Amino acid sequence: MSAVWSLGAGLLLLLLWVRHRGLEAVLVHHRWVFVCLFLLPLSILFDVYYQLRAWAVWRLHSAPRQHGQRVRHIQAQVREWKNEGSKRYMCTGRPGWLTVSLRVGKYKKTHKNIMINLMDVLEVDSERQVVRVEPLVTMGQLTAHLNPMGWTIPVVPELDDLTVGGLIMGTGIESSSHIYGLFQHTCVAYELVLADGSLVRCSPTENSDLFYAVPWSCGTLGFLVAAEIKMIPAKKYIKLHYEPVRGLQKICERFAEESKKKENSFVEGLVYSLDEAVIMTGVLTDEAQPKKINRIGNYYKPWFFKHVEKYLKADRTGIEYIPSRHYYHRHTRSIFWELQDIIPFGNNPIFRYLFGWMAPPKISLLKLTQGEAIRKLYEQHHVVQDMLVPMKSLEKSIQTFHADINVYPLWLCPFILPNNPGMVHPKGDEAELYVDIGAYGEPKTKHFEARASMRQMEKFVRSVHGFQMLYADCYMTREEFWDMFDGSLYHKLREQMNCKDAFPEVYDKICKAARH
């Protein structure tokens, strides 16, 4: 009973403190209180529900049988929209707060919401080495499903909650992308419900224009209902080599050099200052030295970016063997390094051992509970951006990031960009090596102003024929946007498939200049 009384007294004192400070002030300046007491437990319940559901669906083999019925329900909703006179644009009925993007999708309130409850792995075809999935399958769900069967997918974008649909309609990348390209380049077919309610399959040999136009279109050509993704054999471990590098020119040279080596299964860089970085290269293996195995995904382990930084501080190289699934989701527990701004003591050993098993909080729940004050604070004083630039422009790009926003660490991830049709391709006729520069955190530049600073960066990215990931805040005008992206095939298909009355243009859906 004494424990119950102590807990009750503690909660009473907490409520009195919240009442004294004001709920909004607590949520803005002491957000960790709310996150630790409420969002972490709620996140666990979310995970348990979806894991049990996925297990039950697979055990009962209900997903393939119900998939056709669910798709027909989507088609019926689209036809109902047509019968109503096609007066509003359509969009998916998934609440905006459930998406990983930090952007608030206000269009959900004015558009016709089409409910798409498709979140199951449908088929694993070992002969074709292809897995067929529904669009709301997450990366955590997919790797948990495939790894015990001895399979994985070539590109496993980092965060557990990223969905197949989001990675196709937007984009996705991982440290294996220097071999396989972006997530879209590992897909072999899509199935979509179009504006007329018809169900269409597309691939490089079947409705190929649609196949190449779908990536980056953000759901403005049709509703994705299934995708087929390549599989590759999984191995138990990633043998990871850590190399601290100093001097910006040397960092860029070593990173480009390692990115060109096909014998490296994985290449990644973490830049901790303008002239300090750690470059990591990994290979898949089934053998490991027991004393060098690091199960970095265990809840009590240090956050990965902090673990990597130790090699920089000690100025030494190192080799570790990381279990494959731990490696694929190595930045998940700390949401890269975003969690340190939400729970400043989250990497403290005491916190990790007592509460680390509940982390991280769901990004969707963070969005749902952030409120207008926090949203504006993040918009003006926080950066979450991924810019894709040619490898040859890496040094100049890091200098520009440093001058305009001064956010560290920076995430470097190389990828090969093939010369395929669609919105994103190299300037020349050949495939080209690019790099994703990820900046997540609070800018340290004194003159930072969100709109002006980001427009300056967008201008630089356009000048080197780079691209901005569309999950993030985008400040470009319509002309600037279509200068960055090739809209020729996209606009042609929107005209051919009568999309103009059914879906907004991608620019109108994602750019701030169009939404405000």
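Looking at an unreviewed UniProt entry, one finds the protein chain named Delta(24)-sterol reductase, with Nothoprocta ornata as its source organism. What UniProt states about the protein chain under its Cofactor (unreviewed entry) heading is, verbatim, "FAD".

A.B. asks: Would you explain helix α10 (residues 304–314) in this entry?
C.D. replies: In an α-helix, one full turn covers 3.6 residues, which means residues spaced three or four apart are oriented alike. Taken residue by residue, α10 has F304, F305, H307, V308, E309, Y311 and L312 as its buried positions. Those residues of α10 that are buried lie in contact with β10 (237–246), β11 (266–273), β12 (276–285), β13 (318–323) and α12 (339–342). One or two residues past the end of α10 sits D315, with phi positive at roughly 50°.

A.B. asks: What's the story with the pattern of salt bridges in this structure? I'm lost.
C.D. replies: Oppositely charged side chains can pair when the atoms bearing their charge come close. Per the counting criterion, the structure on display carries 26 salt bridges. A salt bridge links R462 to E480; the nearest nitrogen and oxygen atoms lie 3.7 Å apart. Here R462 is found in helix α17 (residues 450–463), whereas its partner E480 is found in helix α18 (residues 478–484), with 18 residues between them in sequence. On the basis of relative accessibility, which here comes to 17%, the residue E480 falls in the buried class.

A.B. asks: Help me out: how do you make sense of the environment of I44 in this one?
C.D. replies: Take I44: it is sitting in helix α3 (residues 31–60). When the C-alpha positions of I44 and P361 are compared, they lie 8.3 Å apart, and in sequence the two are 317 residues distant. Residue contacts for I44: discarding those within four places in its chain leaves W357 and M358.

A.B. asks: Just to check I follow, could you spell out the environment of I405 for this structure?
C.D. replies: With respect to the helices, strands and loops of the structure, I405 is situated in the loop between α16 (394–404) and β15 (410–417). For the pair I405 and F448, spaced 43 residues apart in the sequence, the C-alpha separation amounts to 6.5 Å. Leaving out residues up to four positions away in the same chain, I405 has contacts with V383, A439, P443, K444, T445, F448 and M457.

A.B. asks: I keep staring at the packing of aromatic side chains and nothing clicks. Help me out?
C.D. replies: Between two aromatic rings, the relevant description is the distance of the centres plus the angle of the planes. In total, this model carries 25 aromatic pairs according to the counting rule given. Each residue in the set W216, F415, Y434, F467, F481, W482, F485, Y490 and Y507 is aromatic and connected to the rest through ring pairs, giving one cluster. Its guanidinium or amino end placed over the ring of Y327, R330 lies 4.1 Å from that ring's centre, counting from NZ or CZ.

A.B. asks: Please explain a nonpolar patch on the surface as it appears in this structure.
C.D. replies: Where nonpolar side chains cluster on the molecular surface, the patch consists of I350, L354 and F355 and spans about 310 Å² of accessible area. Among the structural elements, F355 can be located in helix α13 (residues 349–355).

A.B. asks: I would appreciate a short explanation of the sheet that holds β15 in the present structure.
C.D. replies: Paired through their backbone hydrogen bonds, the strands of a sheet run either parallel or antiparallel. Ordered in space as β13-β10-β12-β11-β15-β16-β14-β17, the 8 strands form an open sheet in which the pairing is antiparallel. The open sheet is flanked by β13 and β17 (467–468), the only strands paired with a single partner. When β15 meets strand β16 (residues 432–441), the two strands line up antiparallel, connected through 8 bridges. Looking across to β16, one finds that F415 is bridged to Y434. Against the sheet, helix α9 (residues 248–259) makes contact with β10, β11, β12, β15 and β16, and its axis sits at roughly 10° relative to β12, the strand it touches most.

A.B. asks: What should I look at first to understand the side chain of R254 in this one?
C.D. replies: Counting through the fold element by element, R254 comes out in helix α9. For R254, the side chain forms a polar contact with the side chain of E243, separated by 2.7 Å.

Definitions and limits used
- Numbers given to residues run from 1 along each chain, matching the order in which its sequence is written.
- Note on the predicted model: pLDDT of at least 70 is required for a residue's local features to be given, and 80 or more for side-chain atom pairs to be given and counted; whole-chain, interface and lining totals, by contrast, use all residues.
- Excluding hydrogens and water, the side-chain values take into account all heavy atoms of the structure.
- UniProt positions are given in the numbering used here, feature names are shortened, and annotations may be inferred rather than shown by experiment.
- To sort residues, take the accessible area from a 1.4 Å probe on protein chains only and compare it with the maximum for the residue type: under 20% means buried, over 50% means exposed, and anything in between is partly exposed.
- Helix and strand definitions follow DSSP, with helices as H or I runs of at least four residues and strands as E runs of at least two, each counted in order from the N terminus.
- Residues count as neighbours in contact if any of their non-hydrogen atoms are within 4.5 Å of one another.
- Think of a salt bridge as a Lys or Arg side-chain nitrogen and an Asp or Glu carboxyl oxygen that are within 4 Å of each other.
- Stacked, tilted and edge-to-face are the three classes applied to pairs of Phe, Tyr and Trp rings, where Trp contributes its six-membered ring and a pair requires centres within 6.5 Å; stacked means planes under 30 degrees apart, edge-to-face means over 60, and tilted covers the rest.
- Only when the NZ atom of a Lys or the CZ atom of an Arg is both within 6 Å of the ring centre and within 35 degrees of the ring normal do we say a charge sits over the ring.
- In this scheme, patches are assembled from residues that exceed 30% relative accessible area and form no salt bridge. Like charges are connected within 9 Å, while nonpolar side chains (Val, Leu, Ile, Met, Phe, Trp, Tyr) are connected within 5 Å.
- Computed with a 1.4 Å probe, the accessible areas rest on the Shrake-Rupley method; for each residue, only the protein chains presented here act as cover.
- Two strands form a pair only when DSSP identifies at least two bridges running between them.
- Interaxial angle, 0 to 180 degrees, is taken between N-to-C directions of lines fitted to C-alpha atoms, where a helix line uses only the stretch in contact.
- Counting of polar contacts relies on pairs of N or O atoms within 3.5 Å, with two restrictions inside protein: one atom must be capable of donating a hydrogen and the other of accepting it, and residues adjacent in sequence are counted only when both atoms are side-chain atoms.

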